[in-house]
Amino acid sequence: MIVDTLDHLLENESAYGDKIQRGLQFLKNTDFTGQAAGRHAVDEEMFYFINEYETKEATDCFWEAHRVNLDLHYILEGTERIGYSAIERLHVRDEYSTEKDAVFFTGEVESAVAASPGDLVICYPQDGHMTGIEAKQKEAVRKVVLKIKI
């Protein structure tokens, strides 16, 4: 998992592969204002969701990981905590679904980072992640989850 701001990641673009570099440029160059929540196509290797929700307690959230796509969580509005755990430390709740490109887990939140507007969290296949956790209080969050085929 990589946690930083989009601006910082763009300063060090050469540290990441071509696909992540393209994803970072896409996030930088796209105006998401007014875009509806839901799935949006980019090209054969990328698509994204505009997600809008209210944060909640970790006990009401879930762990997931992906095999086909990287997740780039880019916060537009609000603050959420995103839990992290290596998938080996979690317990499989629902086996991998090719349709959803997701496996779901159970486990305790031992590590989490607060993400605010401009922050970017990159989740790799080995990164169990739990999103939507309230930071200091319940809060409305609007973000882009860019999916990059690996």
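Here the structure is shown first, and the text comes after it.
(A) Focus on the sheet that holds strand S12 (residues 140-149). Taken in spatial order, the 6 strands line up as S1-S10-S5-S12-S3-S2 in an open sheet, and their pairing is antiparallel. This sheet does not close on itself; its edge strands, each paired only once, are strand S1 (2-5) and strand S2 (38-41). Here the average twist between neighbouring strands, direction ignored, is 20 degrees. Relative to strand S10 (residues 119-123), S1 is paired through 4 bridges, and the arrangement is antiparallel. When the sheet's bridge partners are listed, aspartate 4 is paired in S10 with leucine 120. Across the sheet, helix H2 (residues 18-29) touches strand S3 (46-54), strand S5 (69-77), S10 and S12, and the angle it forms with S12 is around 145 degrees.

(B) Broad picture of the pattern of salt bridges. Summed over the entire model, instances satisfying the criterion amount to 7 salt bridges. Across the pair lysine 147 and aspartate 71 runs a salt bridge whose closest N-O atoms are separated by 2.7 Å. With lysine 147 in strand S12 and aspartate 71 in strand S5, the pair connects residues that are 76 residues apart, well separated along the chain. Taking the relative accessible area as the measure of exposure, aspartate 71 reaches 1% and is therefore buried.

(C) Expanded view of the nonpolar core. By size, the foremost hydrophobic cluster in this structure holds 21 residues, and its most contacted members are Leu24, Leu27, Leu72, Leu120 and Leu146. Counting only elements with at least two residues in this core, the list comes to helix H1 (6-11), H2, S3, S5, S10 and S12. Residue contributions to this core peak at 4 residues, all from H2. Dropping the residues within four chain positions of it, leucine 27 is found in contact with Leu6, Phe32, Leu72, Tyr74, Leu120, Val144 and Leu146. Of all hydrophobic cores here, the second largest spans 8 residues; its members include Trp63, Leu90, Met130 and Ile133.

How each quantity is defined
- Residues numbered from 1 in each chain as written.
- Predicted model: local features only at pLDDT ≥ 70, side-chain atom pairs only at ≥ 80, totals over all residues.
- Heavy atoms only, no water.
- Pairing = 2+ DSSP bridges.
- Helix = DSSP H or I, 4+ residues; strand = E, 2+ residues; numbered from the N terminus.
- Axes fitted to C-alpha atoms, helices over the stretch in contact; angles between N-to-C directions.
- Contact = heavy atoms within 4.5 Å.
- Salt bridge = Lys/Arg side-chain N within 4 Å of Asp/Glu carboxyl O.
- Buried < 20%, exposed > 50% of the residue type's maximum accessible area, 1.4 Å probe, protein only.
- Core = buried A, V, L, I, M, F, W, Y, C linked by side-chain atoms within 4.5 Å.

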